[in-house]
Amino acid sequence: MAKKYYVVWKGKKTGVFESWDEVKTLIQGFAGAKYKSFPTKQIAIEAYANPASVISVPKKKKPRYYVIWDGENSGIYTNWDSAQKKLKGFPRDQFKTFGSKVLAERALMEGPEKYRGKDFRKTKDLAQSEIDRIGEAISLSISVDAACNEMTGIMEYQGVWTYDKEQVLFKMGPFQGGTNNIGEFLALVHALALLQQQSDSSFARIPIYSDSRIAMGWVKSGKCKTKRTPGPKVQHLITRAEKWLLKNTFQNPIYKWETKVWGEIPADFGRK
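Small disclaimer: the values here were computed from a predicted structure and weren't measured. (Residues numbered from 1 in each chain as written. Predicted model: local features only at pLDDT ≥ 70, side-chain atom pairs only at ≥ 80, totals over all residues. Heavy atoms only, no water.)

Draft legend 1. Main features of the overall build of the protein. Along its length, the protein carries nine helices and 11 strands. Dimensions along the principal axes, computed over C-alpha positions, put the protein at roughly 60 × 55 × 35 Å. Summarising the internal contacts of the protein: among those between residues at least 6 apart in sequence, 64% fall at separations of at least 24. Carbon and sulfur atoms provide 52% of the accessible area of the protein, an area that totals close to 15,800 Å². In the protein, which carries 45 positive and 28 negative side-chain charges, the distance between the mean positions of the two groups comes to 7 Å. (Helix = DSSP H or I, 4+ residues; strand = E, 2+ residues; numbered from the N terminus. Contact = heavy atoms within 4.5 Å. Areas by Shrake-Rupley, 256 points an atom, 1.4 Å probe, with all protein chains shown as cover. Lys, Arg positive; Asp, Glu negative; His and termini not counted. Charge placed at Lys NZ, Arg CZ, Asp CG, Glu CD.)

Have a look at this one:
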């Protein structure tokens, strides 16, 4: 990951900093804190000296497709106000938001049953050929995810059956002094160890999904390569996970969860 430099114009202390952990302590709890990251130290120094030179480019609003399955109101709407008017007095399980037009069109045709209880807001506009190439997620699998408050470092992680997110297999935390990627790493190792404990040999082939390529790489290397300083309990869990990877082999494939097509991973904590 490329190094970043941080400017704090308003905070408990101002200046140019090289550590996000330090910046967090300077802006946390400070009303009206103003800060920004830059790719080089020189640009950061210039921005700190002349804040008026920093031009904020508004993010382009991502298109949304609102699908309503309800008789005469059925259809795909691109305007939330229009969709909301159609929804008055009707159950919300007849409605779903998509970030992909192709998936919205497919959902309208297939009906709501397949899409209930899932979040598709992060899906993206892709060509049908790309969606077909990615295919469908394997239902008989485990999905893992982590949640971490960047300001406080409070982290937790969990694993669920992909086909039924209500069946939580494990949920750990909250722990102080973690990151999302550390949580994903711990969740993957936890899932691997859980599957290996089963007496039925078929569990050794059940896939595991994660939406963190970084954590997947750490598992592959057998090492949690975080640059952060974990809290004592988190460090203990990391050490235990690394020892497990060193002493054990596994056959379970670990796959990247394709959020852009499948929506949020089933293990998502739903706090975004």
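Right, picking up where we left off after that structure.
Draft legend 2. How the structure looks around a nonpolar patch on the surface. There is a patch of nonpolar side chains on the surface, built from Ile138, Leu140, Tyr163 and Tyr255 and spanning about 390 Å² of accessible area. Take tyrosine 255: it is sitting in strand β11 (residues 254-256). (Patch = residues over 30% accessible without salt bridge, like charges linked within 9 Å, V, L, I, M, F, W, Y side chains within 5 Å. Salt bridge = Lys/Arg side-chain N within 4 Å of Asp/Glu carboxyl O.)

Draft legend 3. Fine view of the packing of helix α6 (residues 180-196) against helix α8 (residues 232-247). In contact at an axis separation of 10 Å, α6 and α8 are set at 45° when each is read in the N-to-C sense. It follows that α6 is oblique to α8 by the angle criterion. Considering the relative orientation of α6 and α8, their crossing is left-handed. Counting all contacts with α6, which are made through Ile182, Phe185, Leu186, Val189, Leu192, Ala193 and Gln196, the residues of α8 involved are Val234, Leu237, Ile238, Ala241, Glu242, Trp244 and Leu245. Among the residues forming the contact of α6 with α8, the class breakdown is 12 nonpolar, one polar and one charged. (Axes fitted to C-alpha atoms, helices over the stretch in contact; angles between N-to-C directions. Parallel < 35°, antiparallel > 145°, perpendicular 65-115°, else oblique. Left-handed = near helix turned anticlockwise from the far one by under 90°. Nonpolar A, V, L, I, M, F, W, Y, C, P; charged D, E, K, R; others polar.)

Draft legend 4. Layout of the packing of aromatic side chains. Counted under the stated rule, the structure contains 17 aromatic pairs. Arranged with centres 6.2 Å apart and planes meeting at 15°, the rings of tyrosine 66 and phenylalanine 95 form a pair that is stacked. Separated by 29 residues along the polypeptide, tyrosine 66 in strand β4 (residues 65-68) and phenylalanine 95 in strand β6 (residues 95-98) bring together distant segments of the chain. Look at tyrosine 66 and you get buried, because its relative accessible area is 12%. Centre to centre, the rings of phenylalanine 98 and phenylalanine 120 are 5.2 Å apart; their planes meet at 25°, and the pair counts as stacked. Residue phenylalanine 98 is found in strand β6, and its partner phenylalanine 120 is found in the loop between α4 (101-110) and α5 (128-134); the two are separated by 22 residues along the sequence. An identical accessibility class is assigned to phenylalanine 98 and phenylalanine 120; each is buried. Cluster of aromatic residues (ring-pair linked, three or more members): Trp69, Phe98, Tyr115 and Phe120. Sitting above the plane of the tyrosine 5 ring, lysine 3 keeps its charged end 5.4 Å from the centroid. Sitting over the ring of tryptophan 9, lysine 34 keeps its end group 5.6 Å from the ring centre. (Phe/Tyr/Trp six-rings, centres within 6.5 Å; stacked < 30°, edge-to-face > 60°. Buried < 20%, exposed > 50% of the residue type's maximum accessible area, 1.4 Å probe, protein only. Lys NZ or Arg CZ within 6 Å of the ring centre and 35° of its normal.)

Draft legend 5. Quick peek at the pattern of salt bridges. Per the counting criterion, the structure on display carries 11 salt bridges. As a salt-bridge pair, lysine 3 and glutamate 18 come within 3.4 Å of each other at their nearest N and O atoms. Taken together, the positions of lysine 3 in the segment before β1 (5-10) and glutamate 18 in the loop between β2 (15-17) and α1 (20-27) put the pair 15 residues apart, joining distant regions of the chain. On the accessibility criterion, glutamate 18 (42% relative accessible area) is partly exposed. Among the ionic pairs, lysine 223 bridges to glutamate 242, the shortest N-O distance being 3.7 Å. With lysine 223 in the loop between α7 (213-221) and α8 and glutamate 242 in helix α8, this pair connects stretches of sequence that are 19 residues apart. Given the relative accessible area of 45%, lysine 223 is considered partly exposed. Owing to a relative accessible area of 14%, glutamate 242 belongs among the buried residues under this scheme.

Without other data, these values stay purely geometric and don't point to any function.
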